[in-house]
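Okay, here's what each chain looks like letter by letter:
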Amino acid sequence: MPGPAGQASSGDFDKVLVVDFGAQYAQLIARRVREAHVFSEIVSRSITAEEIRQLAPVGIILSGGPASVYADDAYDIDPGILALGIPTLGICYGHQVIAHTLGGNVAQNDVAEYGRAEMTVVAPSIILRGLPDEQVVWMSHSDAVTEPPAGFAVTAATPDSPVAAMEDPSRGIYGVQFHPEVGHTDRGQEMLKHFLYEACGARPLWTHASIIEQSIDAVRATVDGGSVICGLSGGVDSSVAAALVHKAIGDQLVCVFVDHGLLRKDEAVQVEQTFRSSFHMNLIHVNAEDRFLTALAGVADPEEKRKIIGETFIRVFEEVATEVTDVRFLVQGTLYPDVIESGTADAAKIKSHHNVGGLPEDMELSLIEPLRDLFKDEVRAVGEELGIPEEIVWRQPFPGPGLAVRIIGEVTKERLDILRAADAIVLEEVIRAGLYNELWQSFAVLPAIRSVGVQGDGRTYAYPIVIRAVTSEDAMTADWARLPYEVLERISSRVINEVEGINRVAYDISSKPPSTIEWE
Ligand code: XMP
């Protein structure tokens, strides 16, 4: 049955719940399960056996966590969970919780076992079936299970973990002290697959094609009539969300692309071409450059700029939205990590939204969030499957306020044109060097200073361009990218030769923290 909010409904897929004991690994486990084409969802450790029964998963994975089962504030689970008869795999802390809850022994160790460990398989095992007797696994724990609960067989050991793996297939309960979800555990994904396919009997139906199909059914079931509005920015999330919804309801979807004039070179043309020409979408392209530049005239303060851009954006979107007849739904590109992070995983998936993004109070809209169950890599794969061009699907993040936060000081048309031209060269050269996908972001910044140079026979007094290129996992921290000198050299000579008004190029070698990725 399709879900209520246009997301690919988990109800149609065999589902594995990942109980989150606060580990950074819970998301990784959920992703690995999905890579094995089984839908997974992260749930709170406070979930009860009855709540799990109602969610009807085919399997449960208890994640790792930082705590000791003996700590005063140790995380427990409802012991009823282990009596549900649903196949369960404990990983690291989850393994210890199983042992502790069912009467095994967990020893408190002062010394941690951390990193690679040589593991020996000591008994036949469902999880380790067909894998080598000796293999490398990745450990990260101090406490260790020293005796399994009654009924469990020890199936593998390492020098520091006498019970590196245990199982009781009659109850469908399995535990591993190591982390099968990390790449350093050589055969980890195979172990997870054994749990999913053999222990749980999960069917590998969570494929990109079926996500799309289910999502389309869900949107159709939700939208009976009226119009659906979607703010399209050209970024991957809004693009994939729009393409999915469009596939479901065609012309009932109205996309609004507010071009604030602060976009990168050719970006507006690309959005037009992709969504109007290729996808034949109902696209309202608002060219609001003059309005934004007028509002920004004379403003140099970064926060003030952001505020003006945000407010102007909302006003423009609002004006356009009120002209579309009978709008009842708003598409948002919310992703699964946003859902987990905002702690609303259990919240209803359809909400009545007043005034979203400044929409008028009397427009009471319901949200359609077709990507709400998806991780970013799944969104990209779905986007590719839908035929969205690679340049959009693999696009580096770009801030909402656009180039305005990369121009220090006043934003003028002249300075925007300079930055746009330099930025395009940075992009071209990074792509040419095959580095685009390795970098979190790579772009140009235009500071508000000028310096002296000499070009031809004449003295110049012009702006510098700063190249910014960073690697990052999530933008919370970032490191400056060690771009090869040859790439920097090519960018420098091209920018200085091709962009009028630039006579110097510098490379930003600051990490975040203490700097930020953007300059404003
Ligand atoms: P900072 O500069 O804070 O940026 O290190 C972290 C990440 O966020 C992006 N960014 C924004 N994205 N609206 C956005 O949608 C914004 O106002 C905004 N400001 C920064 C930035 O590009 C980087 O990826």
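Residues numbered from 1 in each chain as written. Predicted model: local features only at pLDDT ≥ 70, side-chain atom pairs only at ≥ 80, totals over all residues. Heavy atoms only, no water.

1. A closer look at the pairing of strand S14 (residues 282–287)
Summarising the sheet, strand S13 (residues 253–259) and S14 pair through six bridges and their orientation is parallel. The partner of Cys255 across the bridge, within S14, is Leu283. (Pairing = 2+ DSSP bridges. Helix = DSSP H or I, 4+ residues; strand = E, 2+ residues; numbered from the N terminus.)

2. Some remarks on the site of the ligand
The ligand sits among Arg306, Pro399, Gly400, Pro401, Trp440, Gln441, Ala475, Lys512, Thr516, Ile517 and Glu518. Note that an oxygen atom of the ligand is positioned 2.7 Å from one of the side-chain N or O atoms of Lys512. In this structure, an oxygen atom belonging to the ligand sits 2.8 Å away from a main-chain N or O atom of Ile517. A total of 500 Å² of accessible area belongs to the ligand in isolation, and the protein chains cover 68% of it. For the shell around the ligand, the residue count by class is five nonpolar, three polar and three charged. (Near = heavy atom within 4 Å. Polar contact = N/O pair within 3.5 Å; in protein donor to acceptor, adjacent residues only side chain to side chain. Areas by Shrake-Rupley, 256 points an atom, 1.4 Å probe, with all protein chains shown as cover. Nonpolar A, V, L, I, M, F, W, Y, C, P; charged D, E, K, R; others polar.)

3. Describing the pairing of strand S18 (residues 441–445)
Of all five residues in S18, five are buried; the element is thus mostly enclosed. One ladder, built from five bridges, connects S18 with strand S20 (residues 458–471); its direction is antiparallel. Bridge assignment links Phe443 to a residue of S20, and that residue is Arg468. (Buried < 20%, exposed > 50% of the residue type's maximum accessible area, 1.4 Å probe, protein only.)

4. Some details on the side chain of Lys305
Assignment of secondary structure puts Lys305 in helix H9 (residues 302–323). Relative accessible area serves as the criterion here: at 0%, Lys305 is assigned to the buried category. Here the side chain of Lys305 touches Gly409 through a polar contact of 2.8 Å, landing on its backbone oxygen. In this structure, Lys305 is in contact with Leu296, Val299, Ala300, Ala404, Ile407, Ile408, Gly409, Val411 and Glu520, ignoring residues within four places of it in sequence. (Contact = heavy atoms within 4.5 Å.)

5. Focus on the packing of helix H13 (residues 413–432) against helix H14 (residues 485–498)
At a minimum axis distance of 9 Å, the contact between H13 and H14 shows a crossing angle of 150°. In terms of orientation, H13 and H14 fall into the roughly antiparallel class. Considering only the axes of H13 and H14, their crossing is right-handed. Residue-level inspection shows Ala422, Ile425, Val426, Glu428, Glu429 and Arg432 of H13 in contact with H14, the latter providing Val487, Arg490, Ile491, Arg494, Val495 and Glu498. (Axes fitted to C-alpha atoms, helices over the stretch in contact; angles between N-to-C directions. Parallel < 35°, antiparallel > 145°, perpendicular 65-115°, else oblique. Left-handed = near helix turned anticlockwise from the far one by under 90°.)

6. A few points about the state of the cysteines
If you walk through the whole model with that rule in mind, you get zero disulfides. With no disulfide of its own, Cys92 lies 20 Å from the sulfur of Cys200, the closest cysteine sulfur. Owing to a relative accessible area of 12%, Cys200 belongs among the buried residues under this scheme. (Disulfide = S-S within 2.5 Å.)

7. Some remarks on the environment of Ile431
Within the secondary structure, Ile431 is located in helix H13. With relative accessibility at 48%, the residue Ile431 sits in the partly exposed group.

8. Some thoughts on the side chain of His260
On the secondary structure map, His260 appears in the loop between S13 and helix H7 (267–278). The class of His260 is buried, set by a relative accessible area of 3%. A polar atom in the side chain of His260 sits 3.1 Å from the backbone nitrogen of Leu262. Side-chain polar atoms of His260 contact the backbone oxygen of Gly400, separated by 3.1 Å. With residues up to four places along the chain from it excluded, the contact list for His260 reads Glu289, Phe292, Ile309, Phe313, Gly400, Pro401 and Gly402.

9. Regarding the sheet that holds strand S3 (residues 59–62)
Taken together, the nine strands give an open sheet; going across it, the order is S2-S1-S3-S4-S11-S10-S9-S6-S7, and neighbouring strands pair in mixed fashion. Every other strand in the sheet has two partners, leaving strand S2 (39–44) and strand S7 (134–141) as the edge strands with one partner each. Within the sheet, the average angular offset between the axes of one strand and its neighbour, ignoring direction, is 25°. The pairing of strand S1 (residues 15–20) with S2 spans six bridges and is classified as parallel.

10. Notes on the pattern of salt bridges
Tallying each qualifying case throughout the model produces 30 salt bridges. A salt bridge links Arg395 to Glu267, with the shortest nitrogen-to-oxygen separation between them at 3.6 Å. One end of the pair, Arg395, is in the loop between helix H12 (390–393) and H13; the other, Glu267, is in helix H7, and 128 residues separate them in sequence. Note on Arg395: relative accessible area 11%, which makes it buried. Within this structure, Glu428, Glu429, Arg432, Arg490, Arg494 and Glu498 form a network of salt bridges that share partners. (Salt bridge = Lys/Arg side-chain N within 4 Å of Asp/Glu carboxyl O.)

11. Overview of the nonpolar core
Across soluble globular proteins, you tend to see nonpolar side chains buried next to one another. Ile229, Val411, Leu446, Ile465, Leu483, Val495 and Ile502 are the most contacted members of the largest nonpolar core, which has 51 residues in total. Looking at this core element by element, the count peaks at seven residues for H13. With 42 residues, the next largest nonpolar core counts Phe13, Val223, Val240 and Phe329 among its residues. (Core = buried A, V, L, I, M, F, W, Y, C linked by side-chain atoms within 4.5 Å.)

In short, the description is geometric, and any link to function would need to be established separately.
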